[in-house]
Amino acid sequence: MGTVTTDDGTTIFYKDWGPRDGRPIVFHHGWPLSADDWDNQMLFFLARGYRVIAHDRRGHGRSDQSPTGHEMDTYSADVMALTDALDLRDAVHIGHSTGGGEVARYVARAKPGRVAKAVLVGAVPPVMVKSDTNPGGLPIETFDGLREALAANRAQFYIDLPSGPFYGFNRPGAKVSQGLIDNWWRQGMMGAANAHYECIKAFSETDFTEDLHHIDVPVLVAHGTDDQIVPYDDSAPLTAQHLKNATLKTYEGLPHGMLSTHPEILNPDILAFVES
């Protein structure tokens, strides 16, 4: 574990496990979580000889609760500061949800030789909010509702979301894991309310279309058809269309948080892509 300080003085916390000469895999977490959300995947790849790195986005987890910078350009710059400090080369960048948007923006701007492949899981690109150019998106009122719930009672909101749509635990016959719910709440409450509030705009209104067009490396786009947070039809298939070298992997009936509910399915598929 360590920290890196960005140009604006923000301290970013990160984990760095495994052999320094191992192939690096960098994990980018979703909103409003932390690097801890990747424990399962980090242990999986660590056991296979990879160097695994995950950071807490600014305002999240153990990173500084900065007053500014809660938008995708700064998130990407923070990742660039981390990859420069660790001198990571030919890395695989894996992002979930908001972290997928962060990966798209970073990989599109990364220095030559830094990135070999990318994986987007349940990711927010190309753009989530509904507009004239994105008629299949979610209405702005959906995201206004998230902001209202966060401001009114963040602690309760961070119980309700993982208990319901995030992991699909609101579906009939779902196998509910109280541990996943509690860990989601724990990670969320570690972060800053202001950062989480502003990040809703970042993940919902940022248009990543041009970023996708600029990505040359192979990208695995993985998405569950029962994703209640980032609906499948307006995300994964469109993202794959915008990429030069995409592999679209669709998981029938799996939820937004499928990395946690079904790691036995996702992990081998990601490994196969990394090693292909």
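Cut-off values and rules
- Along each chain, residue indices are assigned from 1 in the same order as the chain's sequence is written.
- Selection of residues for local features in this predicted model requires a pLDDT of at least 70, selection of side-chain atom pairs for listing and counting requires 80 or more, and totals for whole chains, interfaces and linings are taken over all residues.
- Note that the side-chain values use all heavy atoms of the structure and ignore hydrogens as well as water.
- Strand pairing is defined by DSSP finding a minimum of two bridges between the two strands.
- Numbered from the N terminus, helices here are DSSP runs of H or I no shorter than four residues, and strands are runs of E no shorter than two.
- What counts as an axis is a line fitted to C-alpha atoms, over the stretch in contact for a helix, and the angles between N-to-C directions run from 0 to 180 degrees.
- In what follows, a contact means two residues having at least one pair of non-hydrogen atoms within 4.5 Å.
- The quantity called pLDDT is the predictor's confidence in a given residue, expressed from 0 to 100.
- Here, expected helix span is obtained from the residue count minus one, scaled by 1.5 Å.
- To sort residues, take the accessible area from a 1.4 Å probe on protein chains only and compare it with the maximum for the residue type: under 20% means buried, over 50% means exposed, and anything in between is partly exposed.
- Place the viewer so that the strands point away; then a crossover is right-handed whenever the path from the first strand over the helix to the second strand goes clockwise.
- Roughly parallel refers to an angle under 35 degrees, roughly antiparallel to one over 145, roughly perpendicular to one between 65 and 115, and oblique to any angle outside these ranges.
- Definitions for this section: a left-handed crossing has its near helix turned counterclockwise from the far helix by less than a right angle. A right-handed crossing has that turn clockwise.

**Regarding the sheet that holds strand β6 (residues 115-121)**
Hydrogen bonds along the backbone pair up the strands of a sheet, which may run parallel or antiparallel. The eight strands are arranged β1-β2-β4-β3-β5-β6-β7-β8 in an open sheet whose pairing can be described as mixed. Every interior strand has two partners, whereas the edge strands, β1 (2-5) and β8 (246-251), have only one. Ignoring strand direction, the axes of neighbouring strands in this sheet form an average angle of 20 degrees. Sheet analysis places strand β2 (residues 11-17) next to strand β4 (residues 51-55), joined by four bridges and oriented antiparallel. Within β4, the residue paired with Y14 across the bridge is H55. The strands that helix α1 (residues 39-46) touches are β2, β3 (24-28) and β4; relative to β2, the one it contacts most, it runs at about 40 degrees. Against the sheet, helix α3 (residues 98-109) contacts β3, β4, β5 (91-96) and β6, and its axis sits at roughly 145 degrees relative to β5.

**What to know about the confidence of the model for the chain**
Mean pLDDT over the chain works out to 98, with 100% of the residues at or above the 70 mark. Within the chain, the element-level pLDDT minimum falls on β1, averaging 97, and the maximum on β3, averaging 99.

**Considerations on α3**
For α3, built from 12 residues, the straight-helix expectation of 16 Å at 1.5 Å per residue is met to within 8% by its first-to-last C-alpha distance of 17 Å. When you tally the buried positions in α3, you get 10 out of 12 residues, the bulk of the element.

**Regarding the pairing of β3**
Taking burial as the measure, the five residues of β3 include five buried ones, the bulk of the element. On β3, burial covers both faces: P24, V26 and H28 on one face and I25 and F27 on the other are all buried. Note that β3 and β4 share four bridges and pair parallel. Paired with I25 across the two strands is V52, which belongs to β4. Crossover handedness for the path β3 to α1 to β4: right-handed.

**Quick look at the packing of α1 against helix α10 (residues 263-275)**
Running from amino to carboxyl end, α1 crosses α10 at an angle of 50 degrees, the nearest separation of the two axes being 11 Å. Classified by the angle between their axes, α1 and α10 sit oblique to one another. Seen along the crossing, α1 lies across α10 with a hand that is right-handed. Note on element contacts: α10 touches α1 through P263, N267, P268, I270, L271 and V274, opposite N40, Q41, F44 and F45.

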